[in-house]
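A closer look at the structure
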Amino acid sequence: MKPDGYALVTGASRGLGMAYARELAERRYNLVLVARHAEPLQTFAEELRRSHPVSVIAIEADLSSPGAGRSLAEQLLRNGIAVELLVNNAGFGLRGEFRRLSLSRQLEMLCLNNQAVVELTYGLLPALLERKQKGIINISSTAGFQPIPFASAYAATKAFLTTFSLALEQELHAAGVTVVTVCPGRISKKETPDSPQPAQKKWGAIYQSPEDVVRDTFRVLAKGGGLVVPGALNKFSIFAQRLIPRKVVPRLVAKMSKA
Ligand SMILES: NC(=O)c1ccc[n+]([C@@H]2O[C@H](COP(=O)([O-])OP(=O)(O)OC[C@H]3O[C@@H](n4cnc5c(N)ncnc54)[C@H](OP(=O)(O)O)[C@@H]3O)[C@@H](O)[C@H]2O)c1
C-alpha cells in the first residue's frame, strides 16, 4: 500500500541520507528532504520527482544551532505536512584533540547530532502519533559504544543518541511507533578522480555501502524496531569489547585513534 504521509530525511543531499531517500521513494513515500546547500538538494529532489510518483519537498535548513530542529518541526506542522517516518540522519564527526578543536564547531556538532534530533522528535511526535503507520530511524554510530580519545565529543554525541533512541523505542512501543537505532561503522563513499578513497581500498572489509546500511535498517523496521549494527566485524568488535575491562578500552582506542 502506498503511504500517504511523508518521510522526513535530514541530511538527504548526499551519503547515507541520500540512500535512505532513494529507498523511501522506491517504497512510494512522499518525501521531505533537508540539508543546508540548495543546489545539490534541489537537483536530487528533482531527480526523485522525475523517477518516482511521489511528492518531494526540499527544505534548506541548518540544524546546527539551538532551536533549528524546533523551527523545522513548526514549519512542517504549519504547512500541514504529515510526517509518519522521521529519519534523523544529518550529523558529522570532528576528529582531533578536544582542546585544539574549535569550541564553536564542537557545539555545532552537539547541536546537530543531538539537540536537533531531540527537538525534531519532540516537535513532530504529537502529529506522528496520529498516523496509522509511524516510525523513527535515528542514525547513530559504532562510535557511541565506547569513549574515543581524539574524537571525544563526537563519540559522546553518538553515545547520547544511541541511549536516547533505544530508550525511546521502549517508551513509544505501546503507542505503535517503531524506532530503529542504526549504528554503522565506516560507510564507503563513491570514489571519483577528485575524491580518491585509499583507506577504503586498504581496509575494504570494514566498510559498508550506504545501500547495505539502508537494507539492514528496513529489515529491522519491518520487524518492529531495534538496534542495527551493520556488518559482521562491527558486531564482533562491539561484542569483544564487553569482555575487556572498561578502564582499558579508552587506552586501547586512544592508540588506534591517534595512529
Ligand atoms: N560516513 C560514515 O562513515 C559514518 C559512520 C557512522 C555513522 N555515520 C553517521 O551517518 C550520518 C550520515 O553520515 P554521512 O557520512 O552520510 O554524511 P555526509 O555524506 O557528510 O552527508 C551529510 C548530509 O547532512 C547534511 N548536513 C550537514 N550538516 C548539516 C546541518 N548543519 N544542517 C542540515 N543538514 C546538514 C549535508 O548537506 P549540506 O552539507 O548541504 O548541509 C548532507 O546532506 C551521520 O549522522 C553520521 O554521523 C556516518
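This section reports on the structure supplied with the text.

Each value, and the rule that gives it
- Residues numbered from 1 in each chain as written.
- Predicted model: local features only at pLDDT ≥ 70, side-chain atom pairs only at ≥ 80, totals over all residues.
- Heavy atoms only, no water.
- Axes fitted to C-alpha atoms, helices over the stretch in contact; angles between N-to-C directions.
- Helix = DSSP H or I, 4+ residues; strand = E, 2+ residues; numbered from the N terminus.
- Parallel < 35°, antiparallel > 145°, perpendicular 65-115°, else oblique.
- Left-handed = near helix turned anticlockwise from the far one by under 90°.
- Contact = heavy atoms within 4.5 Å.
- Nonpolar A, V, L, I, M, F, W, Y, C, P; charged D, E, K, R; others polar.
- Buried < 20%, exposed > 50% of the residue type's maximum accessible area, 1.4 Å probe, protein only.
- Near = heavy atom within 4 Å.
- Polar contact = N/O pair within 3.5 Å; in protein donor to acceptor, adjacent residues only side chain to side chain.
- Areas by Shrake-Rupley, 256 points an atom, 1.4 Å probe, with all protein chains shown as cover.
- Pairing = 2+ DSSP bridges.
- 1 Å grid on protein atoms, 1.4 Å probe; cavity = no way out; pocket = protein on both sides within 12 Å on 5 of 7 lines; lining within 4 Å.
- Points joined across faces, edges and corners; volume = space filled by probe spheres on them.
- Salt bridge = Lys/Arg side-chain N within 4 Å of Asp/Glu carboxyl O.

1. A few points about the packing of helix 1 (residues 15–26) against helix 7 (residues 210–222)
Describing two packed helices takes the angle between their axes plus the distance from one axis to the other. The contact between helix 1 and helix 7 brings their axes to 9 Å, and the two run at 55 degrees. Taken together, the axes of helix 1 and helix 7 lie oblique to each other. Seen along the crossing, helix 1 lies across helix 7 with a hand that is right-handed. Residues Leu16, Ala19, Tyr20, Glu23 and Leu24 of helix 1 pack against Pro210, Glu211, Val213, Val214, Thr217 and Phe218 of helix 7. Partitioning the contact of helix 1 with helix 7 into residue classes produces eight nonpolar, one polar and two charged.

2. Quick notes on the side chain of Thr142
Position of Thr142 relative to the elements: it lies in the loop between strand 5 (135–139) and helix 5 (152–173). When its relative accessible area of 16% is taken as the criterion, Thr142 is described as buried.

3. What about the site of the ligand?
Every one of the 27 residues lining the ligand counts as a neighbour, but Ser13, Arg36, His37, Asn89 and Gly185 are closest to it. Here an oxygen atom of the ligand sits 3.1 Å away from a polar atom, N or O, in the side chain of Tyr154. Burial of the ligand by the protein amounts to 89% of the accessible area it has alone, namely 890 Å². Mapped by element, the contributors of at least two residues to the shell around the ligand are helix 1, helix 5 and strand 7 (186–187). The residue makeup of the shell around the ligand, split by class, is 11 nonpolar, 10 polar and six charged.

4. Quick word on the sheet that holds strand 5
Within a beta sheet, neighbouring strands are joined by backbone hydrogen bonds and run either parallel or antiparallel to one another. Ordered in space as 3-2-1-4-5-6-9, the seven strands form an open sheet in which the pairing is parallel. Because the sheet does not close on itself, it has two edges, and the strands there are strand 3 (56–60) and strand 9 (226–228). Neighbour-to-neighbour, the strand axes of this sheet turn through a mean angle of 15 degrees, independent of strand direction. Of the strand pairs in this sheet, strand 6 (residues 178–182) and strand 9 are connected by three bridges, and their pairing is parallel. The partner of Val180 across the bridge, within strand 9, is Gly226. Strands strand 1 (6–10), strand 2 (30–35), strand 3 and strand 4 (83–88) of the sheet are contacted by helix 3 (residues 68–78), whose axis makes an angle of about 145 degrees with strand 3.

5. Observations concerning empty space enclosed by the protein
Over the atoms, a rolling probe the size of a water molecule traces out where space has been left empty. What the rule picks out here adds up to one cavity of 30 Å³ or more. Of the volumes computed, that of the largest cavity is approximately 40 Å³. Around the largest cavity sit Thr10, Leu63, Asn88, Asn89, Ala90, Leu112, Ala116, Val117 and Leu120, which together line it. The element best represented in the lining of the largest cavity is helix 4 (residues 103–129), accounting for four residues.

6. A closer look at the side chain of Asn114
With respect to the helices, strands and loops of the structure, Asn114 is situated in helix 4. For Asn114, a relative accessible area of 11% puts it in the buried group. Polar contacts involving the side chain of Asn114 include one to the main-chain carbonyl oxygen of Thr157, which spans 2.9 Å. Setting aside residues up to four positions removed in sequence, Asn114 forms contacts with Met109, Thr157, Phe160 and Leu161.

7. Examining the pattern of salt bridges
Here the structure, examined in full by the defined rule, presents 10 salt bridges. Arg49 is the partner of Glu46 in a salt bridge, and the nearest nitrogen-oxygen pair spans 3.0 Å. Of this pair, Glu46 and Arg49 both sit in helix 2 (residues 38–51), separated by three residues, roughly a single helical turn. Of the residues examined, Glu46 reaches a relative accessible area of 34% and is grouped as partly exposed. What makes Arg49 partly exposed here is its relative accessible area of 32%. Between Arg50 and Glu46 there is a salt bridge; the shortest N-O distance is 3.9 Å. Here Arg50 and its partner Glu46 are both found in helix 2, four residues apart, which amounts to about one turn of the helix. The network of salt bridges with common partners includes Glu46, Arg49 and Arg50.

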